[in-house]
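Coordinate inspection notes
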Amino acid sequence: MNIHEYQAKELLANYGIGIPTGYPAMTVDEAVKGAEQLPGPLYVVKAQIHAGGRGKGTFKELGADAKGGVRLAKSIDDVRSDATDMLGNTLVTVQTGDEGKEVNRLYVTDGVDIEKEYYLSMLVDRATGRIAMVVSTEGGMDIETVAHDTPEKITTITVDPAAGFTDADGQKAADALKLSGDLAASCVDLTKKLYEAFVGLDCAMIEINPLVETKDGKLLVLDTKMSFDSNAMFRHPDVEALRDESEEDPMEVEASKYDLAYIKLDGDIGCMVNGAGLAMATMDIIKLNGAFPANFLDVGGGADKEKVTAAFKIILSDPSVKGILVNIFGGIMKCDIIADGIVAAAKEVNLSVPLVVRLEGTNVEKGKDILSNSGLPIVSADNLGDAAKKIVAEVKQAA
Ligand code: ADP
Ligand code: MG
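So, a few notes on the structure that sits alongside this text. Values in this document were obtained by computation on a predicted structure and should not be read as measured data.

Definitions and limits used
- Residues numbered from 1 in each chain as written.
- Chains lettered and ligands numbered in written order.
- Predicted model: local features only at pLDDT ≥ 70, side-chain atom pairs only at ≥ 80, totals over all residues.
- Heavy atoms only, no water.
- Donors = N, O, S within 2.8 Å, 3.2 Å for Na, K, Ca; no water.
- Helix = DSSP H or I, 4+ residues; strand = E, 2+ residues; numbered from the N terminus.
- Buried < 20%, exposed > 50% of the residue type's maximum accessible area, 1.4 Å probe, protein only.
- Core = buried A, V, L, I, M, F, W, Y, C linked by side-chain atoms within 4.5 Å.
- Contact = heavy atoms within 4.5 Å.
- Arc of directions from axis to C-beta.
- 1 Å grid on protein atoms, 1.4 Å probe; cavity = no way out; pocket = protein on both sides within 12 Å on 5 of 7 lines; lining within 4 Å.
- Points joined across faces, edges and corners; volume = space filled by probe spheres on them.
- Pairing = 2+ DSSP bridges.
- Axes fitted to C-alpha atoms, helices over the stretch in contact; angles between N-to-C directions.
- Salt bridge = Lys/Arg side-chain N within 4 Å of Asp/Glu carboxyl O.

Here the magnesium ion (ligand 2) is held by the protein donor atoms Asn-209 (O) and Asp-223 (OD), which lie 2.1 to 2.2 Å from it. On the criterion of sequence distance, the pair formed by Asn-209 in strand β11 (residues 203-214) and Asp-223 in the loop between β12 (219-221) and β13 (224-228) is long-range, its members being 14 residues apart. Residues Asn-209 and Asp-223 agree in their burial class; the two are buried.

Attention now moves to the nonpolar core. Core analysis: the biggest nonpolar cluster contains 39 residues, and Leu-179, Met-226 and Phe-228 have the highest contact counts within it. Among the secondary structure elements, those contributing two or more residues to this core are α1 (5-14), β8 (114-125), β9 (130-136), α5 (167-176), α6 (181-200), β11, β12 and β13. Ranked by residue count, the leading element in this core is α6, at 8 residues. Those residues in contact with Met-226 that sit more than four places away from it in its chain are Met-1, Asn-2, Ile-3, Ala-8, Leu-11, Leu-12, Leu-201, Cys-203, Met-205 and Ile-206.

The next thing to look at is helix α3 (residues 76-86). Taken together, the buried positions of α3 are occupied by Val-79, Asp-82, Ala-83 and Met-86. Take α3 and look down its axis: the buried residues cluster within an arc of 100°, on one side only. Gly-88 sits one or two positions beyond α3 and adopts a positive phi of about 85°.

This brings us to the layout of surface pockets. The computed volume of the second largest pocket comes to approximately 150 Å³. Lining the second largest pocket are Val-124, Arg-126, Ala-204, Met-205 and Ser-227.

Quick look at the sheet that holds strand β4 (residues 70-73) now. With antiparallel pairing, 4 strands are arranged side by side in an open sheet as β1-β7-β2-β4. The two strands at the open ends of the sheet, each matched to only one other strand, are β1 (22-25) and β4. The mean inter-strand angle of the sheet, taken between neighbouring strand axes irrespective of direction, is 20°. Running at roughly 170° to β1, helix α2 (residues 28-36) makes contact with β1, β2 (43-47) and β7 (106-110) of the sheet. Contacts from α3 reach β2, β4 and β7, with the element oriented near 160° to β4.

With that settled, consider the pattern of salt bridges. On inspection of all chains with the given rule, the structure shows 21 salt bridges. Linking Asp-202 and Arg-235 is a salt bridge whose minimum nitrogen-to-oxygen distance equals 2.9 Å. Of the two residues, Asp-202 is situated in the loop between α6 and β11 and Arg-235 in the loop between β13 and α7 (237-240); the sequence distance between them amounts to 33 residues. The exposed category is assigned to Arg-235, whose relative accessible area is 52%. Two residues, Lys-257 and Glu-254, come together in a salt bridge whose shortest N-O distance is 3.4 Å. Taken together, the positions of Lys-257 and Glu-254, both in helix α8 (residues 250-257) and 3 residues apart, correspond to about one turn of that helix. According to the relative accessible area criterion, Lys-257 is exposed, its value standing at 60%. Judged by relative accessible area, Glu-254 falls into the partly exposed class, the value being 30%. Connected through shared salt-bridge partners, Glu-5, Lys-9, Lys-46, Arg-54 and Asp-223 make up one network.

Here it is, written out as structure tokens:
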């Protein structure tokens, strides 16, 4: 789960981390009111969308010369016109894809006199199974580009979970950022608090880009992105409340209501599978047969008719789906029950694309009989390889 920059900054501030003062705004008037509470003379108006690269982004509805989604404003009047420009319009950045994202919230913050920009992030490093901190002197830039062009400018510091975050870890970050004296001490303090926030809030990632050194020698978080371990959100109802569903894929939101693990992908074969491992194998074998999956979908162990129907509807609401492959192992759920669910769901949604079903497990013969006697054009498959070949052939034929 992701949240907006202004929300993430508030959470970090609760842990004692320095941020510039700022106010979220949903309307132009709120943006102006926010700016009036700031000292000035420099204000920054920032589009709040769940994507980075806003500063260099462009608005679809405004001309190519218009400024991006992070704007320095020198007066309250400028704040007003920038807010008017941004709200309701579509911001396209390197991270949003061509369709862009509609801006419905702004953040109006204090303009900061920047001496230098740095990069600092924390994430769960799967390779070591530990929390890692990644720092670079190349702040404000796209970190993927830095990693590609100048990997030596990126330092990774792995935190020992038994010892927790130590001053030595913080000092390593300060050294990598070439900070000394008071700034190094501030860096140790900030990274320690960041680790507390990371663990305390069950984060998956906190990225600060840029972290800045101000002209008066302070470290401040100028931009941050925060994402959380969704499985831990039951422990943090206050964080869960920050969820902005308008920023999420509508199909993924719908799937989460039925407790379906659904991720949209960009191929054209919809997959409905039980178990994440089987779902991965199904996607692999589709690719092996020269096609691409339109989604990852795990209906889970106890898939009933209601879940199967919801899953069909979600798969079919994706206009790029040209065929569906159902691959279900009937273990706890028997194949005949699953077959009943598939037939009922296919009838209910008025299935319009080819459907290949591979069932295996308890009562598989009964299940296959139900499918073949359903009167629906369901193609039955005997094994995973056969299923993949059949759906790829059906989709090609239909094209
Ligand atoms: P994004 O990464 O989405 O483009 P940022 O918040 O990182 O958005 O803003 C881009 C750049 O704008 C920053 O690298 C920084 O140079 C400048 N900037 C952002 N916030 C402020 C601020 N409060 N004061 C001064 N400059 C800022
Ligand atoms: Mg940034």
